[in-house]
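Listed below, chain by chain, are the residues.
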Amino acid sequence: MSFGAILLLSLGLAMDATAVAAARGLAARRIGIRHVLLVAVLFGGFQAFMPLLGWLVGSRIGPMVERFDHWIAFVLLGAIGAKMLHEARKEPEDQPADADLFRLDVMLVLALATSIDALAVGVTLPMLGAPFAATLATIGITTALTSAAGLLAGRHFGAALGKRLDIAGGLVLIGMGTKILFDHLSTG
C-alpha cells in the first residue's frame, strides 16, 4: 500500500471527526487553544488507536482469507463510505449548551463514535500489506490536524462545512475500496 493510498485513506477516515469538530466550532462562542488541543488529541488518538485494534484482529484472520481479502476491503470501505453519505443527508441533532460542548466525557464519546469506522478499516490493513507504524501515525496525525482545522473552520465558516466533509469522506472511502478491488481483480 503506497503512502498516497494511506494518506487518502487517512483523509477519508478523518472526515467524520472533522465534521463533528466543525459542528463543535459552529456551536461554540469562543474557542481557545485548550479546545483545539482537546479535539486534536482525542480525535487523532482514538482514530490511531482503533485501527490498531482492528489490525490485531485482521492479522489473525488475514492468512485465512487472503484469497478474497480485496472483497472484504471493498465491502467494508464501501459500507463505511455509504454510511457516511447516508449520515450526511440526516438533519443535524440539537446542539448541547455551550458549557457542555467540550466536557471531557462528551468529547470522549464523540472521539469513540467517530473512530468506529477506523476499527473496521484496521481489520483490512494487514491484508493489504500496509506498513504498521506509518499507517497508524498517518491516520492519527491526519485526523488531529483536520479535526483542529475543522473546529476552527466551523467557528469561522458555519454549518455548511459539516455535511460536505462527510460526503467527501464517504466518497474517498468508497473510491479506496473500489480501487483495491479493481487492483486485485486486474492482477489476479
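Cut-offs used in this document
Residues numbered from 1 in each chain as written. Predicted model: local features only at pLDDT ≥ 70, side-chain atom pairs only at ≥ 80, totals over all residues. Heavy atoms only, no water. Salt bridge = Lys/Arg side-chain N within 4 Å of Asp/Glu carboxyl O. Buried < 20%, exposed > 50% of the residue type's maximum accessible area, 1.4 Å probe, protein only. Patch = residues over 30% accessible without salt bridge, like charges linked within 9 Å, V, L, I, M, F, W, Y side chains within 5 Å. Areas by Shrake-Rupley, 256 points an atom, 1.4 Å probe, with all protein chains shown as cover. Helix = DSSP H or I, 4+ residues; strand = E, 2+ residues; numbered from the N terminus. Phe/Tyr/Trp six-rings, centres within 6.5 Å; stacked < 30°, edge-to-face > 60°. Contact = heavy atoms within 4.5 Å. Expected span 1.5 Å × (residues − 1). Bend = angle between axes of the 7 residues up to and from the residue. Axes fitted to C-alpha atoms, helices over the stretch in contact; angles between N-to-C directions. Parallel < 35°, antiparallel > 145°, perpendicular 65-115°, else oblique. Nonpolar A, V, L, I, M, F, W, Y, C, P; charged D, E, K, R; others polar. Left-handed = near helix turned anticlockwise from the far one by under 90°.

Undergrad: Is there a simple way to think about the pattern of salt bridges in this case?
TA: One side chain can pair with another of opposite charge once the charged atoms of both are near each other. A full pass over the atoms with the stated rule returns 1 salt bridge. The shortest N-O distance in the salt bridge between Arg 103 and Asp 105 comes to 2.7 Å. Taking relative accessible area as the criterion, Asp 105 reaches 42% and is therefore assigned partly exposed.

Undergrad: Can you walk me through a nonpolar patch on the surface in this structure?
TA: Together, Phe 3, Leu 7, Leu 8 and Leu 11 line one region of the surface with nonpolar side chains, adding up to about 340 Å² of accessible area. Checked against the element boundaries, Leu 7 lands in helix α1 (residues 3-27). Taking relative accessible area as the criterion, Leu 7 reaches 34% and is therefore assigned partly exposed.

Undergrad: Got a minute to help me understand the packing of aromatic side chains in this structure?
TA: Given two aromatic rings, their pairing is described by the distance between the two centres and the angle made by the two planes. Counted according to the given criterion, the structure contains 2 aromatic pairs. Taking the centre distance of 4.8 Å and the plane angle of 90° together, the rings of Trp 55 and Phe 132 count as edge-to-face. Note that Trp 55 is positioned in helix α2 (residues 33-61) and Phe 132 in helix α5 (residues 132-157), a separation of 77 residues in sequence. Judged by centre distance (6.1 Å) and plane angle (85°), the ring pair of Trp 71 and Phe 74 falls under edge-to-face. Linking Trp 71 with Phe 74, this pair stays in helix α3 (residues 69-88), spanning 3 residues, or about one helical turn.

Undergrad: Is there a simple way to think about the side chain of Ser 115 in this case?
TA: Residue position: Ser 115 is located in helix α4 (residues 104-128). Each residue touching Ser 115, except ones within four places of it in the same chain, is listed here: Phe 46, Gln 47 and Met 50.

Undergrad: What is the right way to read α1 from this model?
TA: Because each turn of an α-helix spans 3.6 residues, side chains separated by three or four positions in sequence point in the same direction. Here α1 is 25 residues long and its end C-alpha atoms lie 35 Å apart, about the 36 Å a rise of 1.5 Å per residue gives. Where α1 bends most, the angle comes to about 40°, and this point is Met 15.

Undergrad: Explain α4 here, please?
TA: Taking 1.5 Å per residue as the helical rise, α4 with its 25 residues ought to reach 36 Å, and the 35 Å between its terminal C-alpha atoms agrees with that figure. Of all the bends in α4, the greatest measures close to 35° and is centred on Ser 115. Directly beyond the C-terminal end of α4, a positive phi value near 70° is found at Gly 129.

Undergrad: What is the right way to read the packing of α1 against α4 from this model?
TA: For any two helices packed against each other, the geometry is given by the interaxial angle and the distance between the axes. Closest axis-to-axis distance for the α1/α4 pair is 10 Å, and the angle between their directions is 170°. Classified by the interaxial angle, the pair formed by α1 and α4 is roughly antiparallel. Facing Leu 9, Leu 13, Asp 16, Ala 17, Val 20 and Arg 24 of α1, the residues of α4 in contact are Val 106, Met 107, Leu 110, Thr 114, Asp 117, Ala 118, Val 121 and Leu 125. Across the contact of α1 with α4, the residue classes break down as 10 nonpolar, 1 polar and 3 charged.

Undergrad: For this particular structure, what's the right way to read the environment of Ile 6?
TA: Along the chain, Ile 6 falls in helix α1. The buried category is assigned to Ile 6, whose relative accessible area is 1%. Placed 128 residues apart in sequence, Ile 6 and Ala 134 show a C-alpha to C-alpha distance of 8.6 Å. If we ignore the near neighbours within four places in the chain, the residues touching Ile 6 are Met 1, Pro 131, Thr 135 and Thr 138.

Undergrad: Could you clarify how one ought to interpret the packing of α1 against α2 in this entry?
TA: α2 packs onto α1 with a crossing angle of 155° between their chain directions and a minimal axis gap of 11 Å. What the angle tells us is that α1 and α2 run roughly antiparallel. Considering how the two elements wind past one another, α1 and α2 form a crossing that is right-handed. Two secondary-structure elements touch here, α1 through Leu 13, Ala 14, Ala 17, Val 20 and Ala 21 and α2 through Val 39, Phe 43 and Gln 47.

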